[in-house]
Amino acid sequence: MTDPSPQSAERLVVVGSGGRPYREYSFQSLHTEYALSAVLSAEPTWQRAYLDSYVVTDLSDPVAIADAVLTLAGGDPTRVAVMTWDETAVEATAEAAAKLGLPQLSPEAARHCRDKYATRTLMADAGLAAVRHRLVTTADEAVAAAAEFGWPVVLKPRALAGSIGVTRADDETQVRAAFALAAGAAFATLPTGHGILVEEYLDGPEISVDSAVHDGEVHIVHIARKRLGFAPYFEEVGHLVAASYDEPWAEGVRELVAGAHRVLGVTTGVTHAEVRLTSRGPRLIELNARLGGDLIPFISAFATGIDLVRVAAELSFGRLPDLTPTLRRTAEVRFVYADADGRARPLDLTAAAAVPGIAHTAVLAEPGDRLLLPPRQAIPRLAALVAVGPYEPTCRQILDTAHGAVDRAVDPLPEPGTEAAA
């Protein structure tokens, strides 16, 4: 293993990984600060450069994870901390940490956050800006719920991630189509088949709120403006983080997010809440008991100077780090999609990376990857572009220029029946 962490460093065990373009920055952030180990579902590839030990096991099995952490800790759980940013491992990691007596999200809180129906029910029972909702198992039940709530409505899987299978429906025909889409949606190893949520449509822009939670106290680190595309689906096509969020709605958002943590039982860790700023006030969409995805913590560091990955690590040791912003800038990530369905070509981002203000670029699709535009495929992205500037309009202009420098053409797919399904 090259450049191992010092033997005197505290040992941190990361459960799960995620894809390289989306999570390598997290490993980079941690491996110089801690003796870094991992519990993975497969042999590491690019992760090896950041690890001095690892165990491969079933990430859905809390006992297997606990045994792996003990092995990596040399049999002494008092010498280690555990964390995960992998949505598919949140519940199992919480259970493993509880077995070992390590600071972490409680298993009950993890279940509350992972289950969107549980989140909605607990919020409603507590009287916290409730959203009308119903869990259904048939298209007819979905139509009946929509007729009761009034059009439009939103249908979503009960326990997936990344807005996969989430659709706005404006009439009965669209409800039936949306139900079929949600029922057939899948993401990695997350559970399916437990019902579909029908919810009243929440108007207004969408934001996300990343917080550090210590001993039950919620400290908001940043608020990001979410960019959505491909309506009526809710594809997340970008995010913007500004160090300052002194907006008229800010106090209402703080109260809602703090209340959601309290009601769902989240008392420790970094969390990622999604909120709609409706005409009736802020409404919680979901509370994720993990670091945000889509490079949001990465761009947050450009905007605020706060490294949320290290914040999450420190919280896993039971410590609250300094959360004072050291920067006051704006950072935005934009995801590049192909112009049509097809197979990805080799992508050269040199011209985009050379645009002044572009801080990071990443290729997300390998040559030959089959890309189907939403909703037929989950997150079919070509590339990611990150811009940094003093204000939101500056970032938009930078990204418009860089986006225009990316070749979004793809090779056409063969006619149906002439190629085996990819």
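Residues numbered from 1 in each chain as written. Predicted model: local features only at pLDDT ≥ 70, side-chain atom pairs only at ≥ 80, totals over all residues. Heavy atoms only, no water.

## Thoughts on the overall build of the chain
So, step 1. The helix and strand inventory of the chain stands at twelve helices and 18 strands.
So, step 2. Against the compact-globule benchmark of 22 Å for 422 residues, the chain has a radius of gyration of 21 Å, which places it among compact chains.
So, step 3. Once the C-alpha set of the chain is aligned to its principal axes, its extents read approximately 60 × 50 × 50 Å.
So, step 4. Put simply, of all contacts in the chain between residues at least 6 apart along the chain, 66% involve residues at least 24 apart.
So, step 5. Carbon and sulfur atoms make up 51% of the accessible area of the chain, which amounts to about 17,400 Å² in all.
So, step 6. Charge-centre separation for the chain: the mean point of 37 positive side chains lies 2 Å from the mean point of 54 negative side chains. (Helix = DSSP H or I, 4+ residues; strand = E, 2+ residues; numbered from the N terminus. Rg over C-alpha atoms; globule rule 2.2 N^0.38 Å. Contact = heavy atoms within 4.5 Å. Areas by Shrake-Rupley, 256 points an atom, 1.4 Å probe, with all protein chains shown as cover. Lys, Arg positive; Asp, Glu negative; His and termini not counted. Charge placed at Lys NZ, Arg CZ, Asp CG, Glu CD.)

## Quick look at the sheet that holds strand 4 (residues 80-83)
So, step 1. On the basis of which strands lie adjacent, the open sheet formed by four strands has the order 3-2-1-4 and parallel pairing. In this open sheet, the two edge strands, each paired with only one partner strand, are strand 3 (53-56) and strand 4. Strand-to-strand twist in this sheet, taken as the mean axis angle between neighbours without regard to direction, amounts to 20°.
So, step 2. Looking at chain direction, strand 1 (residues 11-15) and strand 4 are connected through four bridges and run parallel. Bridge pairing in strand 4 links leucine 12 to alanine 81. (Pairing = 2+ DSSP bridges. Axes fitted to C-alpha atoms, helices over the stretch in contact; angles between N-to-C directions.)

## Focus on the pairing of strand 11 (residues 235-242)
So, step 1. Counting buried positions along strand 11 gives eight out of eight residues, so the element sits mostly inside the fold.
So, step 2. By the bridge criterion, seven bridges tie strand 10 (residues 217-229) to strand 11 in an arrangement that is antiparallel. Considered in strand 11, the bridge of arginine 227 is made with glycine 238.
So, step 3. The turn joining strand 10 and strand 11, which pair antiparallel and follow one another in sequence, is formed by five residues; a positive phi near 60° is taken by phenylalanine 230.
So, step 4. Bridge analysis of strand 11 against strand 14 (residues 330-337) gives five bridges, and the strand direction is antiparallel. Its bridge partner being in strand 14, glycine 238 is matched across the sheet by arginine 334. (Buried < 20%, exposed > 50% of the residue type's maximum accessible area, 1.4 Å probe, protein only.)

## Description of the nonpolar core
So, step 1. Of all hydrophobic cores here, the largest spans 45 residues; its most connected members are Leu12, Leu30, Leu36, Met83, Trp85 and Leu291.
So, step 2. If one sorts the elements of this core by residue count, helix 10 (residues 308-316) sits on top with six residues.
So, step 3. If we skip the residues at most four places from it in the chain, leucine 30 touches Leu12, Val14, Leu36, Met83, Trp85, Val309, Arg310 and Ala313.
So, step 4. Of all hydrophobic cores here, the second largest spans 27 residues; its members include Ala110, Val209, Val253 and Leu256. (Core = buried A, V, L, I, M, F, W, Y, C linked by side-chain atoms within 4.5 Å.)

## Let's talk about the sheet that holds strand 9 (residues 206-214)
So, step 1. With antiparallel pairing, eight strands are arranged side by side in an open sheet as 13-12-9-10-11-14-18-16. Edge strands, defined here as strands with exactly one partner in the open sheet, are strand 13 (281-288) and strand 16 (358-363). Across this sheet, the average inter-strand angle for adjacent strands is 25°, counted without regard to direction.
So, step 2. Pairing of strand 9 with strand 12 (residues 269-278) involves eight bridges; the strand directions are antiparallel. Residue valine 209 lies in a different strand from strand 12, and its bridge partner there is alanine 273.

## Describing the environment of cysteine 113
So, step 1. Its location among the elements puts cysteine 113 in helix 4 (residues 107-114).
So, step 2. Separated by 254 residues in the primary sequence, cysteine 113 and proline 367 have C-alpha atoms spaced 36 Å apart.

## Description of the side chain of threonine 271
So, step 1. Topologically, threonine 271 is positioned in strand 12.
So, step 2. Reaching out from threonine 271, the side chain makes a polar contact with the side chain of histidine 261 at a distance of 2.7 Å.
So, step 3. In this structure threonine 271 touches Val209, Asp210, Ser211, Val213, His261, Val266, Leu287, Asn288, Ala289 and Arg290, once residues within four positions along its chain are discounted. (Polar contact = N/O pair within 3.5 Å; in protein donor to acceptor, adjacent residues only side chain to side chain.)

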